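Here's the letter readout for the chains.
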Amino acid sequence: MLQDHAKVMAVFLQAGEVVGRKKLQKIIYIAKKMNIPFSERYKFHMFGPYSEELSLRMEELCNLGFVAETKEDKGNYYQYRYALSSRGEKFLSMYQFDLPDVKPVFESLNEQSARFLELVSTLLYFEELTREEVKEKVRTLKRKQNYTDEDFEQAYTYIQGLKKVIKQ
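Note that this is a predicted model, so its numbers are computed, not measured.

> Hey, could you go over unusual backbone geometry for me, with residue numbers and the actual values?
Notably, Asn35 is not glycine yet its phi reads approximately 70°, a positive angle. Looking at the secondary structure, you find Asn35 in the loop between helix H2 (21-33) and strand S2 (43-45). Classification of Asn35 as exposed rests on a relative accessible area of 70%. Backbone geometry at Asn146 places phi at a positive 50°, although glycine is not the residue there. Counting through the fold element by element, Asn146 comes out in the loop between helix H7 (131-141) and helix H8 (149-167). Judged by its relative accessible area of 58%, Asn146 falls in the exposed class.

Here you go:
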């Protein structure tokens, strides 16, 4: 059980602070699709792949004091910031887990916008379909996002870049 918690905590160790629940969901989903060993199960949701398990795990980590959660009022919504606490760092220093050191991958994912990661994760979720089928599905499911052909190309290029970094 704690091994899965430690893997999530290690994301913050490698990526630093993550701003946004949606962004965190997408970072871990994309990492999982890049064969980084996460156990969370995902289903397709309004904002792309979503894991109830990850949400519960984050709540537990915050309650244990291993991850610091900051809630910011942005007027018409709340934004959450997550970072590994000193207690979490101490725990990780004493715990053995099998998450590879892929810091450049997590840093790169964390630098992207939540909107872009939503597209990337959705493309990966439907990767068994052809690119045209995926594009049509995304444009239907995510009409309000108004993704352009250029957005799709950037996302596919980004995915290929991640795969190359992982293989090194």
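Once you've had a look at it, read on.
> Give me the lowdown on the pattern of salt bridges, citing residues and values where you can.
All told, the structure shown has 15 salt bridges when counted by the stated rule. Among the ionic pairs, Glu40 bridges to Arg57, the shortest N-O distance being 2.3 Å. On the criterion of sequence distance, the pair formed by Glu40 in the loop between H2 and S2 and Arg57 in helix H3 (residues 52-64) is long-range, its members being 17 residues apart. Taking the shortest distance from any N to any O, the salt bridge between Lys142 and Glu118 comes out at 2.8 Å. Of the two residues, Lys142 is situated in the loop between H7 and H8 and Glu118 in helix H6 (residues 114-125); the sequence distance between them amounts to 24 residues. In this structure Lys142 comes out as buried when scored by relative accessible area, which is 5%. When its relative accessible area of 1% is taken as the criterion, Glu118 is described as buried. Residues joined by salt bridges that share partners form a network here, namely Glu17, Glu72, Lys74 and Arg81.

> Go over the packing of aromatic side chains, please, and point to the residues and values.
Here the structure, examined in full by the defined rule, presents nine aromatic pairs. Taking 4.8 Å as the distance between ring centres and 25° as the angle between the ring planes, the aromatic pair formed by Phe66 and Phe91 counts as stacked. Of this pair, Phe66 sits in the loop between H3 and strand S4 (67-73) while Phe91 sits in helix H4 (residues 86-94), placing them 25 residues apart in sequence. For the residue pair Phe66 and Phe91, the accessibility class agrees, reading buried in each case.

> With reference to specific residues and values, describe the packing of helix H1 (residues 2-15) against H3.
Relative to each other, H1 and H3 sit at 80°, their axes nearing to 10 Å. Looking at the two axes, H1 sits roughly perpendicular to H3. Every residue of H3 that contacts H1 at Asp4, His5, Val8, Met9 and Phe12 is listed here: Leu54, Arg57, Met58, Glu60 and Leu61. Of the residues that constitute the contact of H1 with H3, the class distribution is six nonpolar, one polar and three charged.

Rules used throughout
Residues numbered from 1 in each chain as written. Predicted model: local features only at pLDDT ≥ 70, side-chain atom pairs only at ≥ 80, totals over all residues. Heavy atoms only, no water. Helix = DSSP H or I, 4+ residues; strand = E, 2+ residues; numbered from the N terminus. Buried < 20%, exposed > 50% of the residue type's maximum accessible area, 1.4 Å probe, protein only. Salt bridge = Lys/Arg side-chain N within 4 Å of Asp/Glu carboxyl O. Phe/Tyr/Trp six-rings, centres within 6.5 Å; stacked < 30°, edge-to-face > 60°. Axes fitted to C-alpha atoms, helices over the stretch in contact; angles between N-to-C directions. Parallel < 35°, antiparallel > 145°, perpendicular 65-115°, else oblique. Contact = heavy atoms within 4.5 Å. Nonpolar A, V, L, I, M, F, W, Y, C, P; charged D, E, K, R; others polar.

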